[in-house]
6 protein chains.
Amino acid sequence: MTAAGVQTDELIDIIRARLYTAVVSDVLDRNGYLDQAMDARIRPIDPGMRVVGRAHTVLSVDIYERPENPYVNEIAAIDAVTSGSCVVASTNQSTRTCYWGELLSTATRARGGTGTVIDGYTRDALAIIEMGFPVFSTGFKPVDSSARSVVVDFNCPIECGGVKVRPGDVIFGDFDGLVVIPIEILPDVVAEATHKVESENLTRDMLRDGHLLREVYDKYGVL
Amino acid sequence: MTAAGVQTDELIDIIRARLYTAVVSDVLDRNGYLDQAMDARIRPIDPGMRVVGRAHTVLSVDIYERPENPYVNEIAAIDAVTSGSCVVASTNQSTRTCYWGELLSTATRARGGTGTVIDGYTRDALAIIEMGFPVFSTGFKPVDSSARSVVVDFNCPIECGGVKVRPGDVIFGDFDGLVVIPIEILPDVVAEATHKVESENLTRDMLRDGHLLREVYDKYGVL
Amino acid sequence: MTAAGVQTDELIDIIRARLYTAVVSDVLDRNGYLDQAMDARIRPIDPGMRVVGRAHTVLSVDIYERPENPYVNEIAAIDAVTSGSCVVASTNQSTRTCYWGELLSTATRARGGTGTVIDGYTRDALAIIEMGFPVFSTGFKPVDSSARSVVVDFNCPIECGGVKVRPGDVIFGDFDGLVVIPIEILPDVVAEATHKVESENLTRDMLRDGHLLREVYDKYGVL
Amino acid sequence: MTAAGVQTDELIDIIRARLYTAVVSDVLDRNGYLDQAMDARIRPIDPGMRVVGRAHTVLSVDIYERPENPYVNEIAAIDAVTSGSCVVASTNQSTRTCYWGELLSTATRARGGTGTVIDGYTRDALAIIEMGFPVFSTGFKPVDSSARSVVVDFNCPIECGGVKVRPGDVIFGDFDGLVVIPIEILPDVVAEATHKVESENLTRDMLRDGHLLREVYDKYGVL
Amino acid sequence: MTAAGVQTDELIDIIRARLYTAVVSDVLDRNGYLDQAMDARIRPIDPGMRVVGRAHTVLSVDIYERPENPYVNEIAAIDAVTSGSCVVASTNQSTRTCYWGELLSTATRARGGTGTVIDGYTRDALAIIEMGFPVFSTGFKPVDSSARSVVVDFNCPIECGGVKVRPGDVIFGDFDGLVVIPIEILPDVVAEATHKVESENLTRDMLRDGHLLREVYDKYGVL
Amino acid sequence: MTAAGVQTDELIDIIRARLYTAVVSDVLDRNGYLDQAMDARIRPIDPGMRVVGRAHTVLSVDIYERPENPYVNEIAAIDAVTSGSCVVASTNQSTRTCYWGELLSTATRARGGTGTVIDGYTRDALAIIEMGFPVFSTGFKPVDSSARSVVVDFNCPIECGGVKVRPGDVIFGDFDGLVVIPIEILPDVVAEATHKVESENLTRDMLRDGHLLREVYDKYGVL
């Protein structure tokens, strides 16, 4: 692993241990990155799930006839998952297919993948929750993909939840939603966000004591 | 009860005890039945709910004035529920009305009904959850139906969650969604699905051991 | 506080202790108020949450450039919350912004506010759930409002979840949804609803004993 | 015909000859009737079409099996059309069925009907345009209704384009859309609207001469 | 060309000269083919356009980075058009891309193609209207496809406007919409539809003479 | 007027006389500006309408009570229109209000405005068409804005049809849709587009002669 790769892993550890999506989103805003939060329709399949990782992107398309080898790219895409990465999948918002499930979750985890974010459906949801493998999806459908969609590419730029995602960008999700951190600003974002967490603690305490928002904002300048 | 009816009940028992919707959907696909999974917008009102039963269909329509006897067909429809059946209700996707609730759940259970699937809203949801009566709906609204909709027919073909449902077809739902099993292929579907569950267990174990999806698929031929 | 204000608080206490939204909705229907239930897309962020209070309305609008003082009206709106009121917020159904969160919840509670209903998103949801502060929203997004929306008015008539809400109307929400009780009919609604709760208990018992809906409805005249 | 009926016909003649929907909508607003304009999705099938008439309402519901006598109520509804009335039809926004077409247009016109407004689709559109019979619809589909929907009632209150319509209310439509004039305020609305048309002519002339909106509004008080 | 091919061309000529989509849809219904009319969102780009032809299907998928050779399959798909065929294209309902335009229309016509039906957008619409080349689309966008979508397959089963289309099925469109005639029932459909056109003429005449729908339907049995 | 202003006007004249939106969109793509075409739901109210001009932006918000001075900002916004500018208006996609109409069109034209693009409805559409004043809108509604929306700002950045528009950017619309040309790249865009128009003419001629797309693309490299 390169020095940059190591540093990314350390920064990802800080995100996992100390940050939440709202504070990261605020820091992205301040740096002029205003379109980094995914649409609200992508939700964790279990309330407590959190995910952080380097984006391992996958792109599928709806089809209308089972191909001879329906899974060939899907298998290649998941077998290419590397440690510390997070599967980020676009289905072009299909409501017909579902290609995520327990087996792909098991295979992804076995390769060191940290979770999955899919702009589409998952199945086997209770089994995945029991595994403790974080999956964020737009819903659930019990169907298989083989006669409904095929993976056409992976490790390519995609759009997921309305946000452009490039392979290697950092994905961070919790109960409030998902943000995409462009890899080139990761160190700055983590540093600023860590600092902002502390200011917010002071603000919260002052509000709990009954001070007006006006006073608190005048003092700390954050909401 | 006829011999066929007895066999249906036994097959339903097997579904309840040993199957899940994803494996049943896969078997329906293999038999060329590709449109049997309901739309993802119909969800169990509690995560652990499962439902299996013969479809007892109900069709309602939005109206704009309270009729003299608003409940007459609604009452008849529920009083006609038979043991082992599951209420499957179309509202033509109304977002104005809500006719399911605690009282209809209580009445349905008293007749031996095993649950309710409604392409529309329910109310009294916490009370129904407490009863442990499985209800799958598109959401919740606290309103009554009397000035908003009437039941126009029951035990008629309907469309629920985008799937055609005939009275007597078998409905099966769990956290992943809902599938409709045409009654004439029920024995085959249950047999094949029971067998596929075993293959999937082998696949899962091999993936957990770290094998690539490629190897596993080449060996067992299932995903 | 005026005599009317005192009476309102007492009626709100009765709602909180003894009523649920479905029975209140039925009574509103009977009095000819058929459009008082909010759209089903506004949900409690935690299943057990209930809210009752006098509407403290807030209206925001999407903008596309961070203003010099983005929070000025937002701060004024929340600092104006009075004891026993419930924040009811329209965002004109924005899917870009999110201005509710932990700090505003903390500030609202410190002023005596009983909860928040927002036709839009919230963030900091797990922290708010931990506070036990009832929030009903259309979903979650981790973004801040400052470059996305501003509060343009408060204590003005708004539309929230498809229902007209005037400042001072009583908002009541539970797992089944939300109803708006026009302040001028509050005493009648509470009286009738309290009475209807008792009839429903009798109906439910009779149904549990296996009686047909037809018999029960003929005897008690309620569903 | 009663005296009131005669007067209605005369007022309808004035609307047809001298008014347009925008000015009628403004007058409805001033009288506190703010929800009388139908949703923008209902459009004239030909740009120049205008319709005025007393509402002859029809309500249909989607079904999923061809009934023995699919057209019985549809036939009765159209055969009941009286001279000067306008068919106003709700399909509960069905996108499956289409029951309006050339034959019903021909039959309606033969009974003296002045046009049709349907919150649903029409077919035979070019033939209807050639007839010069005004139809406003949400679009076009070449299908028949017989296996897709049935008329369940007519001359009943309905909702069309989001507006409550009672039998006998006056419907008025042109290229800008459709308004529903409650019958009890028809004389006042026509009188005020006739007067407002004149003010607007003055305003328009002054604007054409290059005066600022500010000056024109200060002088005439209308926009 | 095979004998069957010749016959298809002759039947297509009859459709073009003497039929309209509504009568064809009715005949499909009677034969139990109830899902052959495309969704109403696909419209002719000019009111008078009609199209008939054997389906030449094309399937595209949204992408998020310009590939090295973006047009390779798109070019191959259009160069493969044969005389008498109609391009039928699925974009999985993309609202981002647009790959139809004047040049593809020119190329298609040069190969003998009779028109294009696209479940997506077109551009160069006025030039295409001037060419008199029939195009049915869901709307218009001035963008090119090269960085937005690629053709992934052609002459494969697709879904267009909600209807399954197999290569070689016959597409027929006019102002009322589009129907798909499965190739194996084409002769029967054309024969029955030709006959039904005559009955409808009689019905229409009788209605014009002022007879009630009830009388006309009792006599001819068609609406 | 500044030298830059003069140059802008000359470039706008070239756009008006010699370009169309599709070729401008292609050039924007090549320069890496991929999000400059507005959503397809904004359409010219008459097929032949074209508009070019410097964006004069207006932002309105839905309200739910008629303010004391509902038109104050609306009047100011239109009275501030300058010669050669085009009104570009965001309503946050309101389907309740309508503030554009004949009087504002007349006033805008009197100030030298070249047209209006509104992400919302217009009224008085036939009168505006007769004036020959280009308006692009999402539809039509006969209502007035005074109790439904107010202008909150103008000459501010907005989003219209999904595209960011800054005051002074150049708007260009025709039957295919609308593109936003950032002012800083206007000279390059016009130069490149003028050149591309010529290549396309050659391509079209070759296709008309029956050459395959493959040959034509290999020769000219454009589609």
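Everything that follows concerns the structure shown earlier in this document.
Residues numbered from 1 in each chain as written. Chains lettered and ligands numbered in written order. Predicted model: local features only at pLDDT ≥ 70, side-chain atom pairs only at ≥ 80, totals over all residues. Heavy atoms only, no water.

Visitor: How should the overall build of chain A be read in this particular structure?
Guide: The helix and strand inventory of chain A stands at seven helices and twelve strands. Taken over C-alpha atoms, the radius of gyration comes to 19 Å for chain A, in line with the 17 Å a tight globule of 223 residues would show. A total of 223 residues make up chain A; the buried ones form 63% of that total. Here chain A displays about 7900 Å² of accessible surface, and carbon together with sulfur accounts for 49% of that area. One finds the centroid of the 21 positive side-chain charges in chain A at a distance of 2 Å from the centroid of its 32 negative side-chain charges. (Helix = DSSP H or I, 4+ residues; strand = E, 2+ residues; numbered from the N terminus. Rg over C-alpha atoms; globule rule 2.2 N^0.38 Å. Buried < 20%, exposed > 50% of the residue type's maximum accessible area, 1.4 Å probe, protein only. Areas by Shrake-Rupley, 256 points an atom, 1.4 Å probe, with all protein chains shown as cover. Lys, Arg positive; Asp, Glu negative; His and termini not counted. Charge placed at Lys NZ, Arg CZ, Asp CG, Glu CD.)

Visitor: How should I be thinking about the interface of chain C and chain B in this particular structure?
Guide: By a widespread convention, an interface's size corresponds to the accessible area lost as its parts come together. Taken together, the contact pairs 29 residues of chain C with 25 residues of chain B. Summed over the three residues of chain C that lose the most area to chain B, namely Asp176, Leu213 and Leu223 of chain C, the buried surface amounts to 26% of that side. Taken together, chain C and chain B are joined by three salt bridges. Here Glu102 of chain B ties to Arg204 of chain C by a salt bridge, and the two come within 2.6 Å at their closest N and O atoms. Where chain C packs against chain B, one counts ten residue pairs in polar contact (both at pLDDT 80 or more). Listed by contribution, the elements that provide at least two residues to the side of chain C that touches chain B are helix 2 (21-30), strand 12 (177-181), helix 6 (186-208) and helix 7 (213-220) of chain C. (Contact = heavy atoms within 4.5 Å. Buried area = accessible area lost by both parts, 1.4 Å probe. Salt bridge = Lys/Arg side-chain N within 4 Å of Asp/Glu carboxyl O. Polar contact = N/O pair within 3.5 Å; in protein donor to acceptor, adjacent residues only side chain to side chain.)

Visitor: Where do I start with the relation of the copies chain C and chain B in this structure?
Guide: Here the two chain copies are tied together by a rotation about an axis and a shift along that axis. Each copy of the sequence occupies a distinct position, and chain C is placed on chain B by a rotation of 120° and an axial shift of 0.0 Å, giving an RMSD of 0.0 Å. This pairing of chains is accounted for by a three-fold axis. (Least-squares fit on C-alpha atoms with pLDDT ≥ 70 in both.)

Visitor: Before we go on, may I ask you to explain the interface of chain A and chain C in this structure?
Guide: In this assembly, 29 residues from chain A lie in contact with 25 residues from chain C. Taken together, both faces of the contact between chain A and chain C bury some 2400 Å²; the carbon and sulfur share is 63%. The largest contributions to the chain A side of the interface with chain C come from Asp176, Leu213 and Leu223 of chain A, which together make up 26% of the buried area. At the surface where chain A touches chain C, the tally comes to three salt bridges. Counting only elements with at least two residues in the side of chain A that touches chain C, the list comes to helix 2 (21-30), strand 12 (177-181), helix 6 (186-208) and helix 7 (213-220) of chain A. Its residues placed into classes, the side of chain A that touches chain C shows 14 nonpolar, six polar and nine charged. (Nonpolar A, V, L, I, M, F, W, Y, C, P; charged D, E, K, R; others polar.)

Visitor: I would appreciate a short explanation of the pattern of salt bridges in the present structure.
Guide: Pairing is possible between side chains that carry opposite charge, provided their charged atoms lie close to one another. Tallied over the entire structure, the rule returns 88 salt bridges over all chains. Residue Arg96 of chain A pairs with Asp62 of chain A through a salt bridge whose shortest N-O separation is 3.3 Å. Of this pair, Arg96 of chain A sits in the loop between strand 3 (85-90) and helix 4 (102-110) while Asp62 of chain A is found in strand 2 (residues 51-62), placing the two residues 34 residues apart along the sequence. Notably, a salt bridge pairs Asp13 of chain F with Arg16 of chain F, separated by 3.1 Å at the nearest N-O pair. Of this pair, Asp13 of chain F and Arg16 of chain F both sit in helix 1 (residues 3-18), three residues apart, roughly one helical turn. Where salt bridges share partners, they join Asp26, Lys196 and Glu200 of chain A together with Arg123 and Asp144 of chain C into one cluster.

Visitor: What should I look at first to understand the packing of helix 6 of chain A against helix 7 of chain A in this one?
Guide: What describes two packed helices is the angle between their axes and the distance between those same axes. Residues and elements named next belong to chain A. It is the contact of helix 6 with helix 7, at a shortest axis distance of 10 Å, that shows an interaxial angle of 155°. Considered as vectors, helix 6 and helix 7 are oriented roughly antiparallel to each other. For the pair helix 6 and helix 7, the sense of crossing is right-handed. For the pair helix 6 and helix 7, the contacting residues are Leu202, Thr203, Met206 and Leu207 in the first and Leu213, Glu215, Val216, Lys219 and Tyr220 in the second. (Axes fitted to C-alpha atoms, helices over the stretch in contact; angles between N-to-C directions. Parallel < 35°, antiparallel > 145°, perpendicular 65-115°, else oblique. Left-handed = near helix turned anticlockwise from the far one by under 90°.)

Visitor: Would you take a moment to explain the packing of aromatic side chains for this structure?
Guide: Here the distance between the centres and the angle between the planes together describe a pair of aromatic rings. Summed over the entire model, instances satisfying the criterion amount to twelve aromatic pairs over all chains. On the basis of an interplanar angle of 80° and a centroid distance of 5.2 Å, the ring pair of Tyr71 of chain E and Tyr217 of chain F is categorised as edge-to-face. Of this pair, Tyr71 of chain E sits in the loop between strand 2 (51-62) and helix 3 (72-79) while Tyr217 of chain F is found in helix 7 (residues 213-220), placing the two residues in two different chains. In this structure, Arg43 of chain B packs its charged tip against the face of Phe175 of chain B, placed 4.7 Å from the ring centre. (Phe/Tyr/Trp six-rings, centres within 6.5 Å; stacked < 30°, edge-to-face > 60°. Lys NZ or Arg CZ within 6 Å of the ring centre and 35° of its normal.)

Visitor: Any chance you could explain the arrangement of the chains here in plain terms?
Guide: Of all C-alpha pairs spanning chain A and chain D, none lies closer than 18 Å, and the two are not in contact. A gap remains between chain B and chain F, with no contact made and the closest C-alpha atoms lying 18 Å from each other.

Visitor: I keep staring at helix 7 (residues 213-220) of chain B and nothing clicks. Help me out?
Guide: Every α-helix winds through 3.6 residues per turn, so residues three or four apart in the chain are directed the same way. When we look at burial in helix 7 of chain B, the residues that qualify are Leu213, Val216 and Tyr217 of chain B. For helix 7 of chain B, the angular spread of the buried residues around the axis is 95°, confining them to a single face. Exposed side of helix 7 of chain B, more than 90 degrees from the buried face: Asp218 and Lys219 of chain B are the residues found there. Those residues of helix 7 of chain B that are buried lie in contact with helix 3 (72-79) and helix 4 of chain A together with helix 6 (186-208) of chain B. Looking one or two residues past helix 7 of chain B, Gly221 of chain B carries a phi angle of roughly 70°, positive in sign. (Arc of directions from axis to C-beta.)

Visitor: I keep staring at the packing of helix 7 (residues 213-220) of chain D against helix 3 (residues 72-79) of chain F and nothing clicks. Help me out?
Guide: With their axes 8 Å apart at the nearest point, helix 7 of chain D and helix 3 of chain F run at an angle of 140° to one another. Considering their axes alone, helix 7 of chain D and helix 3 of chain F lie oblique with respect to each other. From helix 7 of chain D, Leu213, Arg214 and Tyr217 of chain D reach across to helix 3 of chain F, where they touch Val72, Ile75, Ile78 and Asp79 of chain F. Tallied by class, the residues present in the contact of helix 7 of chain D with helix 3 of chain F amount to five nonpolar, no polar and two charged.

Visitor: Help me understand unusual backbone geometry, please; the structure alone is not making it clear to me.
Guide: Comment: phi is negative for the bulk of residues other than glycine, and the bulk of peptide bonds are trans. Even without glycine at this site, Asn92 of chain A takes up a positive phi of about 50°. Note on placement: Asn92 of chain A falls in the loop between strand 3 and helix 4.

Visitor: Got a minute to help me understand the environment of Ser83 of chain D in this structure?
Guide: All names here are of chain D. Inspection of the secondary structure puts Ser83 in the loop between helix 3 (72-79) and strand 3 (85-90). A residue is classified by how much of its surface remains accessible, and Ser83, at 51% relative accessible area, is exposed. Sequence spacing of Ser83 and Arg54 is 29 residues, and the spatial spacing of their C-alpha atoms is 9.2 Å. Contacts of Ser83, omitting those with residues within four sequence positions, involve Arg54, Arg111 and Gly112.

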